[in-house]
Amino acid sequence: MEVKSAYIHIPFCVKICTYCDFNKYFIQNQPVDQYLDCLIKEMSTSKQRQLKTMFVGGGTPTALNVKQLERLLIAINETFDIETEYSFEANPDELTMEKLQLLKKYGVNRLSMGVQTFNPDLLAILGRTHGTEDIYQAVRNAREIGIESISLDLMYHLPQQTLADFQESLDLALNLDIDHISSYGLILEPKTQFYNMYRKGKLKLPNEDIGEEMYTHLIQRMKHSDLQQYELSNFGKQGHESEHNKVYWKNEGYYGFGAGASGYVDGERYTNVNPVNHYIKKIENNERPLLHSSWPTKTEQMEEEMFLGLRMNKGVNKFHFKHKFDVEIDEIFGQTLTSLVDQQLLSYYDGNYALTERGKVIGNEVFEAFLLNV
Ligand code: SF4
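Just so you know, these numbers come straight off a predicted model, no measurement behind them.

Asks: Teacher, can you tell me more about the overall build of the protein here?
Replies: Along its length, the protein carries 15 helices and 17 strands. On C-alpha atoms alone, the protein measures out to a radius of gyration of 21 Å, which is about the 21 Å that the 2.2 N^0.38 rule sets for 374 residues. Principal-axis analysis of the C-alpha atoms places the extent of the protein at approximately 55 × 50 × 45 Å. Taken over 374 residues, the protein has a buried fraction of 54%. Once local pairs closer than 6 in sequence are excluded, the contacts in the protein between residues at least 24 apart make up 70%. With the model as given, the accessible surface of the protein reaches about 17,400 Å², and the carbon-plus-sulfur share is 48%.

This is the structure in structure tokens:
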């Protein structure tokens, strides 16, 4: 399996958001320069220089200062040739002109901005550092600098958020004529501030039905925009779909560099050690910074193919499945597929199985059916 994509993890943030369970650390007093030394050393072990896509995420890569950011960008350029898509995650208030100029100079052509909502009260509840004006400024600056593709992340099903709030944020995002939107419902995760508040009765989430209504509105609203849905939570203008994320959904290989990063290379799914100090120690001792790894069996790979592939509007193609696994899809999942088509949760057309509108709303239940199958 040829690997043409890489993910780089920068696990630092200038403030920790109340809902966040990502792999990240408050940047103050962290050994950021030492971390970059190690990250650059790990990247240099890559066997592959030619990549199609690169995604630098976190944490927040724009939490690095200008000097650190340039160092990282130079190291990436010295290690890889990125042919198609070079994405950086960014927080709107950290995207100064100086940082944007650097990103542009070193070839970054796509920004994924953590906006979450345009409502100032909700931004405060989420513990975000940016305000609404920062979003407008960041988009304006990114356009001026000439970044080709701008994506905004928006959240729904937030505490105190009404359907009207979400509709407004979505409209404001679309009014900015951006190229791509990713929109996810809040999931209450253990070990977050939100979770503790919820347990103490200090946080009220809208009920599940409102979450479903918001998602249904999202899908319908986007139908009347230039951004077409191509995955459960992702919408893009033509030519602006996230090529990097499609690698995950197509169940293809990718490298993962940095503390806690995951990769899928030569049939091995692996996750690097975390926290930062453990990662640094491993790299400095010239050891592979491995936390755990597994080699999915063929059965597991076929299950993954279904529940990842069905996330995309295109769905799973039965001829592609046969080519990849040398077995007919019906032989493995025939009963499940028939039952899901009968329940109108899946559609079948021209060799493709895909989620119906109803199937999208209860996607996880559909995916589980494939896990029970084999
Ligand atoms: S900026 Fe992103 S990674 Fe950092 S704490 Fe907030 S949500 Fe988490």
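Read on for the rest.
Asks: In this structure, what is going on with the sheet that holds strand 15 (residues 316-317)? I would like to understand it.
Replies: Strand pairing in a sheet is mediated by backbone hydrogen bonds. Such pairs are either parallel or antiparallel. Pairing in this open sheet of 3 strands is antiparallel, and the strands run 15-17-16 from one edge to the other. Every interior strand has two partners, whereas the edge strands, strand 15 and strand 16 (346-349), have only one. Bridge analysis of strand 16 against strand 17 (residues 352-355) gives 4 bridges, and the strand direction is antiparallel. Bridging from a neighbouring strand, Ser 347 pairs with Ala 354 of strand 17.

Asks: Explanation requested: helix 11 (residues 298-309) in the structure shown.
Replies: Quick reminder: α-helices carry 3.6 residues per turn. Residues three or four places apart thus point the same way. A rise of 1.5 Å per residue sets the reference length of helix 11, with its 12 residues, at 16 Å; its end C-alpha atoms lie 16 Å apart and thus fit the reference within 8%. Of all the residues in helix 11, the buried ones are Met 302, Glu 303, Glu 304, Glu 305, Met 306, Leu 308 and Gly 309.

Asks: Sorry, what's going on with the packing of aromatic side chains here?
Replies: Each aromatic ring pair is specified by the distance between its two centres and by the angle formed by the two planes. All told, the structure shown has 16 aromatic pairs when counted by the stated rule. Seen from their ring centres, Phe 321 and Phe 333 are 6.2 Å apart, and the 75° between their planes marks the pair as edge-to-face. Pair noted here: Phe 321 is in helix 12 (residues 318-325) and Phe 333 is in helix 13 (residues 329-342), with a separation of 12 residues, a long-range link. Between the aromatic rings of Phe 333 and Phe 370, the centroid separation amounts to 5.3 Å while the plane-to-plane angle is 75°, which identifies the pairing as edge-to-face. Remark: Phe 370 occurs in helix 15 (residues 363-373) and Phe 333 occurs in helix 13; sequence separation between them is 37 residues. For Phe 333, a relative accessible area of 0% gives the class buried.

Asks: Is there a simple way to think about helix 13 in this case?
Replies: End to end, helix 13 covers just 17 Å across 14 residues, shorter than the expected 20 Å (1.5 Å per residue, more than 12% under). By the largest-angle criterion, Gln 335 marks the main kink of helix 13, which is about 50°. For helix 13, the full list of buried residues reads Ile 329, Phe 333, Gly 334, Thr 336, Leu 337 and Leu 340. One or two positions beyond helix 13, positive phi appears at Gln 344, with a value near 60°.

Asks: Could you clarify how one ought to interpret the sheet that holds strand 10 (residues 234-236) in this entry?
Replies: Spatially, 9-10-8-7-6-5-4-1-11 is the arrangement adopted by the 9 strands of the open sheet, whose pairing is mixed. Here the strands that pair on one side only, and so sit at the sheet edges, are strand 9 (228-231) and strand 11 (255-257). Each neighbouring strand pair of the sheet contributes to a mean axis angle of 20°, computed without reference to strand direction. Strand direction decides the pairing type here: strand 7 (residues 149-156) and strand 8 (residues 180-185), joined by 6 bridges, are parallel. Residue pairing across strands places Leu 154 opposite Ser 183, the latter belonging to strand 8.

Asks: Looking at this structure, I do not really get the domain arrangement of the protein. What am I missing?
Replies: It is common to give the size of an interface as the accessible area that goes away when the parts come together. Per the domain assignment, the segments making up the protein are domain 1 (5-249) and domain 2 (298-373). Measuring from the centre of the C-alpha atoms in domain 1 to the corresponding centre in domain 2 gives 29 Å. Contacts between domain 1 and domain 2 engage 13 residues on the former and 11 residues on the latter. Together domain 1 and domain 2 conceal approximately 1,100 Å² of surface at their shared face, both sides included; 55% is due to carbon and sulfur atoms. By the criterion of area lost to domain 2, the three top residues of domain 1 are Glu 212, Leu 232 and Trp 249, representing 47% of everything that side buries. On the surface where domain 1 and domain 2 come into contact, there are 2 salt bridges. For Lys 223, the salt bridge identified is with Glu 357, shortest N-O distance 3.3 Å. For the interface between domain 1 and domain 2, the tally reads 7 residue pairs in polar contact (both at pLDDT 80 or more). Sorting the residues of the side of domain 1 that touches domain 2 by element identifies helix 8 (208-223), strand 9 and helix 9 (243-249) as the ones contributing at least two each. Looking at the side of domain 1 that touches domain 2 element by element, the count peaks at 6 residues for helix 8. Residues belonging to the side of domain 1 that touches domain 2 are distributed by class as follows: 6 nonpolar, 4 polar and 3 charged.

Asks: What's the story with the site of the ligand in this structure? I'm lost.
Replies: Taken together, the residues surrounding the ligand are Cys 13, Lys 15, Ile 16, Cys 17, Tyr 19, Cys 20, Phe 22, Lys 24, Gly 59, Thr 60, Asn 91 and Arg 128. Residue composition of the shell around the ligand, grouped by class: 6 nonpolar, 3 polar and 3 charged.

Asks: Any chance you could explain the nonpolar core here in plain terms?
Replies: General note: in soluble globular proteins, nonpolar side chains tend to be found buried as a group. Of all hydrophobic cores here, the largest spans 90 residues; its most connected members are Ile 10, Leu 39, Phe 88, Leu 111, Met 113 and Leu 152. Examining the composition of this core, we find that 6 residues originate from one element, helix 1 (residues 32-43), more than from any other. If you count residues domain by domain, this core takes at least three from each of domain 1 (5-249) and domain 2 (298-373). By size, the runner-up hydrophobic cluster in this structure holds 11 residues, among which are Cys 17, Leu 122, Leu 126 and Leu 203.

Reading guide: rules and limits
Residues numbered from 1 in each chain as written. Predicted model: local features only at pLDDT ≥ 70, side-chain atom pairs only at ≥ 80, totals over all residues. Heavy atoms only, no water. Helix = DSSP H or I, 4+ residues; strand = E, 2+ residues; numbered from the N terminus. Rg over C-alpha atoms; globule rule 2.2 N^0.38 Å. Buried < 20%, exposed > 50% of the residue type's maximum accessible area, 1.4 Å probe, protein only. Contact = heavy atoms within 4.5 Å. Areas by Shrake-Rupley, 256 points an atom, 1.4 Å probe, with all protein chains shown as cover. Pairing = 2+ DSSP bridges. Expected span 1.5 Å × (residues − 1). Phe/Tyr/Trp six-rings, centres within 6.5 Å; stacked < 30°, edge-to-face > 60°. Bend = angle between axes of the 7 residues up to and from the residue. Axes fitted to C-alpha atoms, helices over the stretch in contact; angles between N-to-C directions. Domains from an automatic or database assignment. Buried area = accessible area lost by both parts, 1.4 Å probe. Salt bridge = Lys/Arg side-chain N within 4 Å of Asp/Glu carboxyl O. Polar contact = N/O pair within 3.5 Å; in protein donor to acceptor, adjacent residues only side chain to side chain. Nonpolar A, V, L, I, M, F, W, Y, C, P; charged D, E, K, R; others polar. Near = heavy atom within 4 Å. Core = buried A, V, L, I, M, F, W, Y, C linked by side-chain atoms within 4.5 Å.

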